[in-house]
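Residue-level structure breakdown
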Amino acid sequence: GGLSARHPGDGVVEHALEEADRQLQQLEAEREILRRTPTRAVADPPFDIPTWWRWAPLGDLVAILDFRPQPIKQEARLARIAGRVPDELFPYYGATQQAGVIDDYLFDEELLLLGENGAPFLTPGKHVAYLAHGKYWVNNHAHVLRGLAVSNRFLRIALNRVDYANFVTGTTRLKLTQGRMIN
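Residues numbered from 1 in each chain as written. Predicted model: local features only at pLDDT ≥ 70, side-chain atom pairs only at ≥ 80, totals over all residues. Heavy atoms only, no water.

Quick look at the sheet that holds strand E2 (residues 90-93)
Spatially, E3-E2-E7-E4 is the arrangement adopted by the 4 strands of the open sheet, whose pairing is mixed. Each edge of the open sheet is held by one strand with a lone partner, namely strand E3 (98-102) and strand E4 (107-108). When E2 meets strand E7 (residues 135-138), the two strands line up parallel, connected through 2 bridges. Paired with Tyr93 across the two strands is Val138, which belongs to E7. Strand contacts of helix H2 (residues 74-81): E2, E3 and E7, with the helix running at about 40° to E3, the strand carrying the most contacts. (Pairing = 2+ DSSP bridges. Helix = DSSP H or I, 4+ residues; strand = E, 2+ residues; numbered from the N terminus. Contact = heavy atoms within 4.5 Å. Axes fitted to C-alpha atoms, helices over the stretch in contact; angles between N-to-C directions.)

And the structure:
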């Protein structure tokens, strides 16, 4: 169907956002995510959307799992995987893609990885968000997101179409901070 056509049985956006907020509160209570940073309402939407849609900051739509990724220097990873067979290894992801393999994993679910630094934020056509599946490790160059009010797949498409010029900082190595990302 069309992106803007409303169909009988479609859920109400407010219900999806309320459910996402409930899930975020539960994840925070279970310490699966750190304390949430309050988000700001979208004050100046960049374009009009159908009346049954709502603008919402990213931080209201996703669980941010950034506290779990851990960097491991290449030399240490090579030492850890020495003598291991491929079946004993797991993908090791960085800002924009798999950066190698490792002998352990941090995640075992489909999550969205969004470059934090070193991603091609200002290069048209280059992706900065991608999905990771199965068991894998993520280093500290990517934000780790779990879609709550929207699917990870939808987020991947949407976040790869964002103009990041007003969100990233830095001159030689651009960085998308968590604070700028959630709002």
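Re the sheet that holds strand E8 (residues 142-147)
Taken together, the 4 strands give an open sheet; going across it, the order is E1-E8-E5-E6, and neighbouring strands pair in antiparallel fashion. For this open sheet the edge positions go to strand E1 (62-64) and strand E6 (129-132), each flanked by a neighbour on one side alone. Strand-to-strand twist in this sheet, taken as the mean axis angle between neighbours without regard to direction, amounts to 35°.

Overview of the pairing of E2
Summarising the sheet, E2 and E3 pair through 4 bridges and their orientation is antiparallel. Each residue of the ladder has a partner; that of Phe90, found in E3, is Ile102. Between E2 and E3, which pair antiparallel and follow one another directly, the connecting turn spans 4 residues.

Focus on unusual backbone geometry
Phi at Arg31 is positive, roughly 60°, even though this residue is not glycine. Looking at the secondary structure, you find Arg31 in the loop between helix H1 (13-29) and E1. Owing to a relative accessible area of 72%, Arg31 belongs among the exposed residues under this scheme. (Buried < 20%, exposed > 50% of the residue type's maximum accessible area, 1.4 Å probe, protein only.)

Points about the packing of aromatic side chains
With the rule as written, the count across this model stands at 7 aromatic pairs. With 5.7 Å between their ring centres and 55° between their planes, Tyr93 and Tyr130 make a pair best called tilted. Placement of Tyr93 in strand E2 and of Tyr130 in strand E6 is noted, with a sequence separation of 37 residues between them. Between the aromatic rings of Tyr164 and Phe167, the centroid separation amounts to 6.4 Å while the plane-to-plane angle is 70°, which identifies the pairing as edge-to-face. Put simply, the rings of Tyr93, Phe107, Tyr130 and Tyr136 pair up and form one aromatic cluster. (Phe/Tyr/Trp six-rings, centres within 6.5 Å; stacked < 30°, edge-to-face > 60°.)

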